[in-house]
Amino acid sequence: QVQLVESGGGLVQAGGSLRLSCAASGRTFSSHVMGWFRQPPGKDREFVASISWSGGSTSYAYYVKGRLTISRDNAKYTVYLQMNSLKPEDTAVYYCAGNELGVGHREARGYDYWGQGTQVTVSS
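Residues numbered from 1 in each chain as written. Predicted model: local features only at pLDDT ≥ 70, side-chain atom pairs only at ≥ 80, totals over all residues. Heavy atoms only, no water.

(A) Seen up close, the overall build of the chain. Helix and strand counts for the chain stand at 0 helices and 11 strands. Compactness check: the chain gives a C-alpha radius of gyration of 13 Å against a globular reference of 14 Å for 124 residues, within 12% of the reference. Summarising its shape, the C-alpha atoms of the chain cover approximately 40 × 25 × 25 Å along the three principal directions. Relative to its 124 residues, the chain shows a buried fraction of 45%. By element, 48% of the accessible surface of the chain is carried by carbon and sulfur atoms, the whole surface being about 6300 Å². Side-chain charges in the chain split into 12 positive and 9 negative, and the spacing between the mean points of these groups amounts to 5 Å. (Helix = DSSP H or I, 4+ residues; strand = E, 2+ residues; numbered from the N terminus. Rg over C-alpha atoms; globule rule 2.2 N^0.38 Å. Buried < 20%, exposed > 50% of the residue type's maximum accessible area, 1.4 Å probe, protein only. Areas by Shrake-Rupley, 256 points an atom, 1.4 Å probe, with all protein chains shown as cover. Lys, Arg positive; Asp, Glu negative; His and termini not counted. Charge placed at Lys NZ, Arg CZ, Asp CG, Glu CD.)

Structure follows, in structure tokens:
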């Protein structure tokens, strides 16, 4: 079973940037679709972005497209989420997750393993 550990969250002013990292243990990580989700205060978990095993294909939620970028380095067993032009509504706990079959990659129920989450707070 692959284990995930997120890092890089914190407090940032609106318009600022953060880079989240998700470190994976387990060699099968490299063959899995990976995704980022977030859970704003008092709301359900929502899709942010996903990336294919090779990194050649990405998908984004409309509310982050153009501001957030997902990438991966399979040699380092790490997935990244570069977050630019942050808004207060981006405040949430951000989770990294792995999808073994590569289907339903925009839905949380499609993912097989999750990290513990990292808090991102954007002040206005």
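On we go from here.
(B) Representation of the nonpolar core within the structure. Ranked by internal contacts, the top residues of the largest apolar core, which has 33 residues, are W36, L81 and Y94. Going through the elements one at a time, β3 (18-25), β4 (33-39), β5 (46-51), β7 (68-73), β8 (78-83), β9 (92-99) and β11 (118-123) are the ones with two or more residues in this core. With residues near it in sequence (within four places) discarded, Y94 still touches E6, L20, W36, F37, R38, V48, L81, M83, G117, T118 and V120. (Core = buried A, V, L, I, M, F, W, Y, C linked by side-chain atoms within 4.5 Å. Contact = heavy atoms within 4.5 Å.)

(C) Highlighting the sheet that holds strand β1 (residues 3-7). As summarised here, the arrangement of the 4 strands in space is β1-β3-β8-β7, forming an open sheet in which the pairing is antiparallel. For this open sheet the edge positions go to β1 and β7, each flanked by a neighbour on one side alone. Going across the sheet, the axis of each strand differs from the next one's by a mean of 15°, ignoring polarity. Bridging between β3 and β8 involves 6 bridges; their strand directions are antiparallel. Paired with R19 across the bridge in β8 is Q82. (Pairing = 2+ DSSP bridges. Axes fitted to C-alpha atoms, helices over the stretch in contact; angles between N-to-C directions.)

(D) Focus on the side chain of T118. With respect to the secondary-structure elements, T118 resides in strand β11. Using a relative accessible area of 11% as the deciding quantity, one classes T118 as buried. T118 has contacts with E6, S7, G8, G9, L20, A92, V93 and Y94, leaving out every residue within four places of it along the chain.

(E) Broad picture of the environment of T118. Distance in space between the C-alpha atoms of T118 and A24 is 15 Å, their sequence separation being 94 residues. From its side chain, T118 meets the backbone nitrogen of G9 in a polar contact 3.3 Å long. (Polar contact = N/O pair within 3.5 Å; in protein donor to acceptor, adjacent residues only side chain to side chain.)

Keep in mind these values describe shape, not function.
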